[in-house]
Amino acid sequence: MMKKLIALTVLALAVPGCSRGGTVSVIFKGVTQPTSIAKDTRAPSFRCPACGVELKDFNAQKCPEKACQAKLTWPDEVKCGYCGGTGNCPTCAMMKQVDGKCYNCSGSGTLVLGEAAGVPIGQTRACPNCQQTGKCATCGKQGAVPSKCDYCQGGKVNMGLLKQKAAAEKKAE
Ligand SMILES: [Zn+2]
Ligand SMILES: [Zn+2]
Ligand SMILES: [Zn+2]
Ligand SMILES: [Zn+2]
């Protein structure tokens, strides 16, 4: 990343009058849901690297701002903002869950009621966070990989996927 920035700067210096431009920045708005009750508010958005205006056209080659007109380069993939590029499940990190186990029931799926002095009286009920699966609200979902960030599953997100998510968000507004 640093290397790329330096290379771009050198290039800009070497070619006087070359128009401004750069790599589109991705803003990772919202957070991964900490519990199953909380809403998933994640929605990426794209910004012009020169003036910071939000880009509504995901194929724009140039900044739409009249005063800016910076040349835009869309990266193929970017570091995932929800897990900070670690690829680890943000919900597990927030709730201190180990091995993708639900924080509320420690993975058992049930809560024991009326526990007195460490001795369970025996009444149990389904854990409201995991609905008895015993799994994390995020990485325990169907199709997700346990303990991995469900958004990137490895620290990096494909730009095509980000555009899809951003487009879905626009429609929902
Ligand atoms: Zn701009
Ligand atoms: Zn991630
Ligand atoms: Zn998780
Ligand atoms: Zn649970």
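Residues numbered from 1 in each chain as written. Chains lettered and ligands numbered in written order. Predicted model: local features only at pLDDT ≥ 70, side-chain atom pairs only at ≥ 80, totals over all residues. Heavy atoms only, no water.

This part takes up the coordination of the zinc ion (ligand 2). Where a metal carries four tetrahedral donors, each ideal angle is 109.5 degrees; where it carries six octahedral donors, the ideal angles are 90 or 180 degrees. For the zinc ion (ligand 2), the full set of protein donor atoms is Cys80 (SG), Cys83 (SG), Cys149 (SG) and Cys152 (SG), at a range of 2.3 Å. Every donor counted, the 4 donor atoms about the zinc ion (ligand 2) form angles of 101 to 118° at the centre, which fits tetrahedral coordination. Counting gaps between the donor residues of the zinc ion (ligand 2) yields the pattern C-x2-C-x65-C-x2-C. You can see Cys80 sitting in the loop between strand S5 (77-79) and helix H2 (90-95) and its partner Cys149 sitting in the loop between strand S7 (124-126) and strand S8 (156-158), a full 69 residues away along the chain. By relative accessible area, which is 1% here, Cys80 ends up buried. (Donors = N, O, S within 2.8 Å, 3.2 Å for Na, K, Ca; no water. Tetrahedral: all angles 85-135°; square planar, octahedral: opposite > 155°, others 65-115°. Helix = DSSP H or I, 4+ residues; strand = E, 2+ residues; numbered from the N terminus. Buried < 20%, exposed > 50% of the residue type's maximum accessible area, 1.4 Å probe, protein only.)

Attention now goes to the environment of Ser45. By the secondary structure assignment, Ser45 is in strand S3 (residues 43-47). Side-chain polar atoms of Ser45 contact the side chain of Arg47, separated by 3.4 Å. (Polar contact = N/O pair within 3.5 Å; in protein donor to acceptor, adjacent residues only side chain to side chain.)

With respect to the element layout, Thr35 can be found in the loop between strand S2 (25-29) and S3. For Thr35, the side chain forms a polar contact with the main-chain nitrogen of Ala38, separated by 3.3 Å. Contact partners of Thr35, with chain neighbours within four places excluded, come to Met95, Tyr103, Asn129 and Ala137. (Contact = heavy atoms within 4.5 Å.)

Before going further, it helps to examine the packing of aromatic side chains. Inspection of every chain in the model, using the stated rule, returns 4 aromatic pairs. Taken together, a centroid distance of 5.2 Å and an interplanar angle of 85° make the contact between Phe28 and Tyr82 edge-to-face. Separated by 54 residues along the polypeptide, Phe28 in strand S2 and Tyr82 in the loop between S5 and H2 bring together distant segments of the chain. When its relative accessible area of 18% is taken as the criterion, Phe28 is described as buried. When the ring of Tyr82 is compared with that of Tyr151, the centres are 4.8 Å apart and the planes differ by 65°; the resulting orientation is edge-to-face. Within this pair, whereas Tyr82 is found in the loop between S5 and H2, its partner Tyr151 is found in the loop between S7 and S8, the two being separated by 69 residues in sequence. An identical accessibility class is assigned to Tyr82 and Tyr151; each is buried. In textbook terms, an aromatic cluster arises when at least three aromatic residues are bridged by ring pairs, as seen for Phe28, Tyr82 and Tyr151. Cation over ring: Lys163 sits above Trp74, and NZ or CZ is 4.6 Å from the ring centre. (Phe/Tyr/Trp six-rings, centres within 6.5 Å; stacked < 30°, edge-to-face > 60°. Lys NZ or Arg CZ within 6 Å of the ring centre and 35° of its normal.)

Of the protein atoms, only Cys48 (SG), Cys51 (SG), Cys63 (SG) and Cys68 (SG) coordinate the zinc ion (ligand 1), at distances of 2.2 to 2.3 Å. Coordination at the zinc ion (ligand 1) is tetrahedral, judged from the 4 donor atoms that bind it and the angles of 107 to 112° they form at the metal. Read in sequence order, the donor residues coordinating the zinc ion (ligand 1) give the pattern C-x2-C-x11-C-x4-C. You can see Cys51 sitting in the loop between S3 and strand S4 (71-73) and its partner Cys63 sitting in the loop between S3 and S4, a full 12 residues away along the chain.

Attention now moves to the confidence of the model for the protein chain. Within the protein chain, residue pLDDT values average 87, and 84% of them lie at 70 or more. A low-confidence stretch, residues 10-18 stays under pLDDT 50, and its non-local contacts, those more than four residues away or across chains, total 0 contacts. (pLDDT = per-residue confidence, 0-100.)

Moving on to the nonpolar core. Core analysis: the biggest nonpolar cluster contains 24 residues, and Phe28, Phe46, Trp74, Cys80, Tyr151 and Leu162 have the highest contact counts within it. If you list the elements that add at least two residues to this core, you get S2 and helix H3 (159-172). With near-sequence residues (within four places) excluded, Trp74 lies in contact with Val24, Phe46, Leu55, Asp57, Phe58, Asn59, Ala60, Met159 and Lys163. Ranked by size, the runner-up nonpolar core spans 5 residues in total, among them Cys102, Leu111, Cys127 and Cys130. (Core = buried A, V, L, I, M, F, W, Y, C linked by side-chain atoms within 4.5 Å.)

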